[in-house]
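Analysis of the macromolecular model
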Amino acid sequence: RVAEFDPTQFSISPPAIYKNRIVWASAAGRTLDHNLNWEIYSLNLDNGEIKQITNDVHDQIEPRIYGDTIVWLDDRNAAYDIYAYDLKTGQEKRLTSSSSVQDDSLSISGNIVVWTDNRNADPKKTSHAVNEPNYNNEIYAYDLTKGLERRITNYAGNDHYPSVDGTRVVWHRQLSYSKGEVYSYDLAGSSANETQITHSGY
């Protein structure tokens, strides 16, 4: 048993890990429900210390961690934004301001955070590209060092589930209701360096 933490008193979401630190979202003392007040916690495996990262009446979910930076989805502004927390300084920062972040994906590597964003979509449309290609979920990235946001994709349909490692971003592109492929983009490359990885036809 790593730490004094009673899991029966908490509803817990899927965790993330970087080296000796685990992060997760938890709603204390309640049952699973969409209206719960979820908070972000971290566990230091070296000393068993559990630290509550957020303390807000709104939901903070889907944390990810890299180095000393924890990022998560936060609905304190009535829709999801991305926030970051520096474990060294104890400082919290809001990364996005459009409140259009989708809750199906968030990834961090080094100083780069990536996510799915629907700020260019028509909210009255469905999310399936075969039905309404102008719904237009896109992949965005944020450079924590430079404080700059960057749009990665510009496809008239759904790009989602991104993951990042180093400067390479990969994601799923929904070509129709039943067909999707994996694409890749190198943030360090030229402006037109999107690459199709899979050609399955499914």
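In short, a report on the structure.

Cut-offs applied
- For every chain, the first residue of its written sequence is number 1, and the numbers climb from 1 along that sequence.
- At least 70 in pLDDT is required for a residue's local features to be given in this predicted model, at least 80 for side-chain atom pairs to be given and counted, and no such filter applies to totals for whole chains, interfaces and linings, which use all residues.
- Side-chain numbers come from the whole structure's heavy atoms, not from hydrogens or water.
- Stacked, edge-to-face and tilted are the three classes for Phe, Tyr and Trp ring pairs, Trp counted by its six-membered ring, which pair at centre distances within 6.5 Å; planes under 30 degrees apart are stacked, over 60 edge-to-face, the rest tilted.
- Runs of H or I in DSSP of at least four residues are treated as helices and runs of E of at least two as strands, each being numbered from the N terminus.
- Note on exposure labels: buried denotes an accessible area under 20% of the residue type's maximum, exposed denotes more than 50%, and partly exposed covers the range between, all computed with a 1.4 Å probe on protein chains only.
- Placement of a positive charge over a ring is assigned whenever Lys NZ or Arg CZ falls within 6 Å of the ring centre and within 35 degrees of the normal to the ring plane.
- Here a strand pair is declared whenever DSSP counts at least two bridges between the two strands.

The next subject is the packing of aromatic side chains. Tallying each qualifying case throughout the model produces five aromatic pairs. Ring centres of W72 and Y83 lie 6.3 Å apart, and the angle between their planes is 15°; this geometry places the pair in the stacked category. Of this pair, W72 sits in strand 7 (residues 69–74) while Y83 sits in strand 8 (residues 81–86); the two residues are eleven residues apart in sequence, bridging distant segments of the chain. Each member of the pair, W72 as well as Y83, is classed as buried. A centroid spacing of 6.1 Å and a plane angle of 20° characterise the contact between W115 and Y140, whose relative ring orientation is stacked. With W115 in strand 11 (residues 112–117) and Y140 in strand 12 (residues 138–143), the pair connects residues that are 25 residues apart, well separated along the chain. Residue class for W115 comes out buried when judged on its relative accessible area of 0%. Here Y140 falls in the buried class, since its relative accessible area comes to 5%. Note that R119 overlies the ring of Y140, its terminal NZ or CZ placed 4.0 Å from the centroid. Residue placement shows R173 over the ring face of Y155; its charged tip is 4.2 Å from the ring centre.

Summarising the sheet, strand 6 (residues 60–66) and strand 7 pair through five bridges and their orientation is antiparallel. Paired with Q60 across the two strands is D74, which belongs to strand 7.

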